[in-house]
Amino acid sequence: MTIKKLGPEELLALDKFSVDEGNPHIIVDKVICAKCSARECLIVCPARCYRLKNDEVNFEYVGCLECGTCRVMCSGKGVTSWNFPGASFGVTFRCS
Amino acid sequence: MADDKFDAIVVGAGLAGSACAYTLAKAGKNVLLVERGNTAGSKNVSGGRLYTYALELLEPDLYKRAPLQRKIVREQVMLLNERGATTIDYFNPDFGENIPQSYSVIRAVLDEWFAAEVEAQGGMVASGILVDGLIEENGKIVGILTGGEEMRADVVVAADGVNSLLGQKAGLFPDVKSHAVGVGVKETIELPDNLINARFGVTAEEGAARVAIGCTEGISGGAFLYTNKGSISLGIVFNPEQAAKQQRHIQDIFQDFKMHPAIQALIEGGTSVEYGAHLVPEIGYQGIPKQLHREGFLVVGDAAQFGINTGLIIRGMDLAIVSGLAAARAIIASPSTAEMGALYMKQLEELLLVANQRAYQNFHGIFEISRIFGGYPKLANDAMQFMFTVDGKTPTPMVKGLLRAVKKHATFGQMIADGWKAYRSL
Ligand SMILES: Cc1cc2nc3c(=O)[nH]c(=O)nc-3n(C[C@H](O)[C@H](O)[C@H](O)COP(=O)(O)OP(=O)(O)OC[C@H]3O[C@@H](n4cnc5c(N)ncnc54)[C@H](O)[C@@H]3O)c2cc1C
Ligand code: SF4
Ligand code: SF4
């Protein structure tokens, strides 16, 4: 094995997730995000759950590391609801 | 029903929650410790190094039972520029003597052990349960809600970490502010022990702790590296407000740091096995909410925003344990719920948590000196490069060469202003 620069997908592939299908624990309102100019979420979400697609902010809750950064940093109030995933869902850390 | 009622429900089996529940159970209290992760520690990310005094306060020799990694005997500070590194290495074998001062830890392992210790003392541990609300009656908190189910207790201890949704639900404080937290990202890299020992100059039981600046592209923040048994914990903590003002993703800045020649040389041959992220309380005393209790409800650990970051030292786990102990002592000593809050605050004073927080209360002013995160580490490396370059050409006089390195990164006016700011913060 050797050390190399890992991309976003490779980093998340290291982790174990159990996905609560169809039941996002964070709700992001696209209409609000469209008017947001700061878009902090794109830079600070450590899992890159927020991405720009055709100039639109897309949020994907799968891969969320449950850190809370987006909730704390969102200046435009587009993160309308932030909760932990339901019991037994989400990320499982084994050696952090 | 009175029989169903616990003396205390502790929410969150991190270090704060387990320290609290452990002490309560040991004193014969009927305590329930609730954790949303399937096992304690499975949601937690730390650096991490634990200062052992905290476990010792909880119970003498408890640390000997704990699954700790390596006792830290080497303290290293790295100043980085693009490809160079100036490293200060302080070796002190006495840090590992008697009661060692600190150990590297892995939270999934440590927290699971601690929760088992709570059970061994007769406490009840319920993992895989998310607490989603509080029960309030006659102005008191009298229990928790989970998936529509009620569980009651004389007191609920919120040990639910930096995001403390429960503290907010109890109406004690608003959500944490972005200027008061750092966002930490971390990769765990498996590396054979013989390589760790050789690269860091330690024996099998000993370890090194390293902090680094100059690797955050000027963003307020710094990196850490801890040696564990068979692995390295590598990460960066960023000021999220400053990070958001520039264009590069923090993940990319972190990966570039990992590939810095001086870091890569330490982890080469290793295997990346986990990637985690977590918020960390950053501004110390000034970030602690004014109100940490109401009747039937106490807030401990990261939920109370306890934390000390001096740039060289990151503390949170020890303060979590001390505050958990303080809450437990208050609960044990209180004749009724009415006195618990005041007693808890008194215990925080007596256990010197408040004094520790106060001693560093202006410290985060240092992190407003932007050159610390770029200019000065670069300056150090340029100065080193100048001093150690031998190429047969006519040498530049020492003073002139050093001044040239200095001037490239800061004016004397800036250095004096920064020095003054640093002095005022210390
Ligand atoms: C990158 C990084 C590096 C750090 N390095 C260090 C270091 O080297 N040394 C140090 O001392 N400190 C360090 N810290 C700080 C330290 O990790 C924290 O201060 C410490 O973990 C706080 O412990 P805690 O028990 O208060 O909270 P946590 O460890 O966060 O525990 C909270 C627990 O509550 C659970 N929980 C939350 N909400 C609910 C709910 N609603 N229902 C049920 N369960 C819930 C969580 O799953 C979690 O187990 C670091 C932090 C970070 C992010
Ligand atoms: S909680 Fe953290 S990992 Fe999850 S979406 Fe928000 S910033 Fe990203
Ligand atoms: S910062 Fe908030 S409002 Fe702005 S784009 Fe991101 S989620 Fe939407």
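Reading guide: rules and limits
- Residues numbered from 1 in each chain as written.
- Chains lettered and ligands numbered in written order.
- Predicted model: local features only at pLDDT ≥ 70, side-chain atom pairs only at ≥ 80, totals over all residues.
- Heavy atoms only, no water.
- Helix = DSSP H or I, 4+ residues; strand = E, 2+ residues; numbered from the N terminus.
- Rg over C-alpha atoms; globule rule 2.2 N^0.38 Å.
- Buried < 20%, exposed > 50% of the residue type's maximum accessible area, 1.4 Å probe, protein only.
- Areas by Shrake-Rupley, 256 points an atom, 1.4 Å probe, with all protein chains shown as cover.
- Lys, Arg positive; Asp, Glu negative; His and termini not counted.
- Charge placed at Lys NZ, Arg CZ, Asp CG, Glu CD.
- Contact = heavy atoms within 4.5 Å.
- Buried area = accessible area lost by both parts, 1.4 Å probe.
- Polar contact = N/O pair within 3.5 Å; in protein donor to acceptor, adjacent residues only side chain to side chain.
- Axes fitted to C-alpha atoms, helices over the stretch in contact; angles between N-to-C directions.
- Parallel < 35°, antiparallel > 145°, perpendicular 65-115°, else oblique.
- Left-handed = near helix turned anticlockwise from the far one by under 90°.
- Nonpolar A, V, L, I, M, F, W, Y, C, P; charged D, E, K, R; others polar.
- Domains from an automatic or database assignment.
- Salt bridge = Lys/Arg side-chain N within 4 Å of Asp/Glu carboxyl O.
- Near = heavy atom within 4 Å.
- Core = buried A, V, L, I, M, F, W, Y, C linked by side-chain atoms within 4.5 Å.
- Pairing = 2+ DSSP bridges.
- Phe/Tyr/Trp six-rings, centres within 6.5 Å; stacked < 30°, edge-to-face > 60°.

1. Looking at the overall build of chain B
Consideration 1: In terms of helices and strands, chain B carries 15 helices and 19 strands.
Consideration 2: In terms of overall size, chain B behaves like a compact globule, its C-alpha atoms giving a radius of gyration of 23 Å where 426 residues would be expected to give roughly 22 Å.
Consideration 3: Along the three orthogonal principal directions, the C-alpha set of chain B runs to about 90 × 45 × 40 Å.
Consideration 4: For chain B, the residues scored as buried account for 59% of the 426 residues in total.
Consideration 5: When the accessible surface of chain B is totalled, it reaches about 17,200 Å², and 54% of it is carbon and sulfur.
Consideration 6: Of the side-chain charges in chain B, 39 are positive and 46 negative, and the distance between the mean point of each set is 9 Å.

2. Examining the interface of chain B and chain A
Consideration 1: Each partner contributes residues to the interface: chain B has 56 residues there, and chain A has 42 residues.
Consideration 2: A per-residue breakdown of the area chain B buries against chain A is headed by B:His249, B:Glu274 and B:Tyr275, which together make up 17% of the total.
Consideration 3: The interface formed by chain B and chain A contains 27 residue pairs in polar contact (both at pLDDT 80 or more).
Consideration 4: Of all the elements in the fold, those that place two or more residues in the side of chain B that touches chain A are helix H4 (107–120), strand S11 (181–190), helix H7 (240–244), helix H8 (250–258), helix H9 (261–267) and strand S15 (271–281) of chain B.
Consideration 5: Sorting elements by how many residues they give to the side of chain B that touches chain A places S15(B) first, with 9 residues.

3. Here we look at the packing of helix H10 (residues 317–333) of chain B against helix H11 (residues 337–350) of chain B
For any two helices packed against each other, the geometry comes down to the angle between their axes and how far apart the axes lie.
All names here are of chain B.
Consideration 1: Closest axis-to-axis distance for the H10/H11 pair is 8 Å, and the angle between their directions is 135°. Considering the angle they form, H10 stands oblique to H11. Relative to H11, the crossing made by H10 is right-handed. Within the contact between the two elements, H10 uses Ser323, Ala326, Ala327, Arg329, Ala330, Ile331 and Ala333 and H11 uses Met340, Leu343, Tyr344, Gln347 and Leu348.
Consideration 2: Along the lines of polarity and charge, the residues of the contact of H10 with H11 split into 9 nonpolar, 2 polar and 1 charged.

4. Overview of the domain arrangement of chain B
One frequent convention defines the size of an interface as the accessible area lost when the parts assemble.
Residue and element names in this part refer to chain B.
Consideration 1: Per the domain assignment, the segments making up chain B are domain 1 (5–69 + 101–176 + 286–360), domain 2 (179–281) and domain 3 (365–425).
Consideration 2: Contacts between the two partners involve 20 residues from domain 1 and, on the opposite side, 16 residues from domain 2.
Consideration 3: At the junction of domain 1 and domain 2, the tally comes to 0 salt bridges.
Consideration 4: The tally of links between domain 1 and domain 2 comes to 5 residue pairs in polar contact (both at pLDDT 80 or more).
Consideration 5: Considered class by class, the residues forming the side of domain 1 that touches domain 2 number 9 nonpolar, 8 polar and 3 charged.

5. Things to note about the site of ligand 2
Consideration 1: Contacts to ligand 2 come from 15 residues, most closely from A:Cys45, A:Cys64, A:Leu65, A:Cys67 and A:Cys70.
Consideration 2: By residue class, the composition of the shell around ligand 2 is 12 nonpolar, 2 polar and 1 charged.

6. Quick notes on the nonpolar core
Consideration 1: Ranked by internal contacts, the top residues of the largest apolar core, which has 78 residues, are B:Phe297 and B:Tyr344.
Consideration 2: If one sorts the elements of this core by residue count, H10(B) sits on top with 11 residues.
Consideration 3: Excluding residues within four positions of it along the chain, B:Tyr344 makes contact with B:Leu292, B:Leu298, B:Val299, B:Val300, B:Phe306, B:Ser323, B:Ala326, B:Ala327 and B:Ala330.
Consideration 4: Core analysis: the next-biggest nonpolar cluster, separate from the first, contains 66 residues, A:Ile43, A:Phe93, B:Cys215 and B:Ile263 among them.

7. Examining the pattern of salt bridges
Consideration 1: Taken as a whole, this structure holds 30 salt bridges over all chains when the rule is applied.
Consideration 2: Between B:Glu59 and B:Lys26 there is a salt bridge, with the nearest N and O atoms lying 2.9 Å from each other. On the criterion of sequence distance, the pair formed by B:Glu59 in the loop between helix H2 (53–58) and helix H3 (62–65) and B:Lys26 in helix H1 (residues 15–26) is long-range, its members being 33 residues apart.
Consideration 3: Overall, the relative accessible area of 13% leaves B:Glu59 in the buried class.
Consideration 4: For B:Glu187, the salt bridge is made with B:Lys258, and the minimal N-O distance between the two is 2.9 Å. Note that B:Glu187 is positioned in strand S11 and B:Lys258 in helix H8, a separation of 71 residues in sequence. Each member of the pair, B:Glu187 together with B:Lys258, is buried.
Consideration 5: Within the structure, one salt-bridge network assembled from shared partners comprises A:Lys5, B:Glu217, B:Arg248 and B:Asp256.

8. What about the environment of A:Lys35?
Consideration 1: Within the fold, A:Lys35 resides in the loop between helix H2 (30–34) and helix H3 (41–44).
Consideration 2: Counting along the chain gives 46 residues from A:Lys35 to A:Ser81, while the straight-line C-alpha distance between them is 18 Å.

9. Comments concerning the site of ligand 3
Consideration 1: Around ligand 3 sit A:Cys33, A:Cys36, A:Arg39, A:Glu40, A:Cys41, A:Tyr50, A:Val57, A:Cys74, A:Gly76, A:Lys77, A:Gly78 and A:Val79, and those are all the residues in its vicinity.
Consideration 2: Its residues assigned to classes, the shell around ligand 3 comprises 7 nonpolar, 2 polar and 3 charged.

10. Quick word on the pairing of S15(B)
Residue and element names in this part refer to chain B.
Consideration 1: Among the 11 residues in S15, 9 count as buried, and that is most of the element.
Consideration 2: Where S11 and S15 come together, 10 bridges link them in antiparallel fashion. Bridging across to S15, Lys186 finds its partner in Gly276.

11. Focus: the side chain of B:His364
Consideration 1: Looking at where B:His364 falls in the secondary structure, it is placed in the loop between helix H12 (353–359) and helix H13 (375–388).
Consideration 2: In this structure, B:His364 is in contact with B:Glu282, B:Ile283 and B:Gln286, ignoring residues within four places of it in sequence.

12. Looking at the pairing of strand S10 (residues 149–158) of chain B
All names here are of chain B.
Consideration 1: Here strand S1 (residues 6–11) runs beside S10; their pairing, made up of 5 bridges, is parallel. Residue Val11 lies in a different strand from S10, and its bridge partner there is Ala158.
Consideration 2: Hairpin connection, strand S9 (residues 140–146) to S10: the antiparallel pair is bridged by 2 residues, and Gly147 has positive phi, about 50°.
Consideration 3: Bridge count for S10 against strand S17 (residues 297–299) is 3 bridges, and the pairing is parallel. Looking at S17, one finds that Ala158 is bridged to Val299.

13. Re the packing of aromatic side chains
All names here are of chain B.
Consideration 1: Counted under the stated rule, the structure contains 10 aromatic pairs over all chains.
Consideration 2: Seen in terms of ring centroids, Trp113 and Phe114 are 5.3 Å apart; in terms of plane orientation they differ by 25°. Their pairing is stacked. Judged on exposure class, the residue Trp113 and its partner Phe114 are both buried.
Consideration 3: With centroids separated by 5.6 Å and ring planes inclined at 25°, the aromatic side chains of Trp420 and Tyr423 adopt a geometry described as stacked. With Trp420 and Tyr423 both in helix H15 (residues 412–425) and 3 residues apart, the pair spans about one turn of that helix. As far as burial versus exposure is concerned, Trp420 and Tyr423 are alike and both exposed.

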